[in-house]
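# Topology and contacts: notes
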Amino acid sequence: MPNNDNTCWFCEKRVTEQIYQVNVKKDDAREIIKVPACESCQTIHQKVVKHSLIIFFTIAVGGAVATMLYILASSTEFSGSGISIGAGIALAWSIPALFIAFLWNKKLSKGVKPQRKILQYPPLKDKLDSGYQVAPLP
Ligand SMILES: [Zn+2]
């Protein structure tokens, strides 16, 4: 595995000046770890987040609409069994949506490590193993 300092950690192909900064701390010690991430990988990571949000809203809105339609169509009271059937419809709706989101993101990020894998970046992993914790950027 190439690990030139300037090779993007996520695709391991492109040499880049772009980085992600991760702030770590242990007691009073603070350090910023710089993880090389090329522009293309950063764009993919942003898109994955956006897709996940779109899918989430699709599920939420779709589930709510399906529940409303069910209640209107069936004249079931909006209580007791009506709610649990509505929840069932929302759940059934969300499974294919999650599956589509999964495939969509998988296709998009082909050959690129997902952003959460940043924790496996060796210099960062060494810090975490020695008791440091990830903290928000100061
Ligand atoms: Zn990259």
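Residues numbered from 1 in each chain as written. Predicted model: local features only at pLDDT ≥ 70, side-chain atom pairs only at ≥ 80, totals over all residues.

## So, the overall build of the chain
Within the chain, the regular secondary structure consists of 3 helices and 3 strands. Counting from the amino terminus, helix and strand elements in the chain follow one another as β-β-α-α-α-β. When the backbone C-alpha atoms are referred to their principal axes, the chain occupies close to 65 × 35 × 20 Å. Within the chain, buried positions represent 15% of all 138 residues. (Helix = DSSP H or I, 4+ residues; strand = E, 2+ residues; numbered from the N terminus. Buried ≥ 20, exposed ≤ 12 C-beta atoms within 10 Å, placed from the backbone.)

## Considering the sheet that holds strand β2 (residues 29-36)
Taken together, 3 strands build an open sheet; the order of strands is β2-β1-β3 and the sheet is antiparallel. Two strands lie at the open edges of the sheet, namely β2 and β3 (133-135), each paired on one side alone. The average undirected angle you get between the axes of adjacent strands in this sheet is 40°. Judged from the 8 bridges that link them, strand β1 (residues 19-26) and β2 form a sheet pairing that is antiparallel. Bridged to V24 within β2 is E31. (Pairing = 2+ DSSP bridges. Axes fitted to C-alpha atoms, helices over the stretch in contact; angles between N-to-C directions.)

## Focus on the confidence of the model for the chain
On average, residues of the chain score 85 in pLDDT, and 91% of them reach the 70 mark or higher. The weakest mean pLDDT in the chain belongs to helix α2 (residues 81-108) at 78; the strongest belongs to helix α3 (residues 122-129) at 96. (pLDDT = per-residue confidence, 0-100.)

## Side note on the UniProt feature "transmembrane region" (unreviewed entry) in the chain
In the numbering used here, UniProt assigns the "transmembrane region" (unreviewed entry) feature to residues 53-73 and 85-104. Structurally, residues 53-73 comprises 100% helix and 0% strand, and the distance from its first C-alpha atom to its last is 30 Å. Along residues 85-104 the backbone is 100% helical and 0% strand, and the end-to-end C-alpha distance reaches 29 Å. (UniProt positions renumbered as here; feature names shortened; annotations may be inferred.)

## Re the nonpolar core
By size, the foremost hydrophobic cluster in this structure holds 12 residues: C8, W9, F10, V22, I33, A37, C38, C41, I44, V112, Y121 and L124. F10 has contacts with A37, C41, V112 and K113, leaving out every residue within four places of it along the chain. (Core = buried A, V, L, I, M, F, W, Y, C linked by C-beta atoms within 7 Å. Contact = placed C-beta atoms within 7 Å.)

## Structural notes on the environment of R14
Structurally, R14 is set in the segment before β1. A residue is classified by how many C-beta atoms lie within 10 Å of it, and R14, with 16 of them, is partly exposed. Those residues in contact with R14 that sit more than four places away from it in its chain are C8, C38 and S40.

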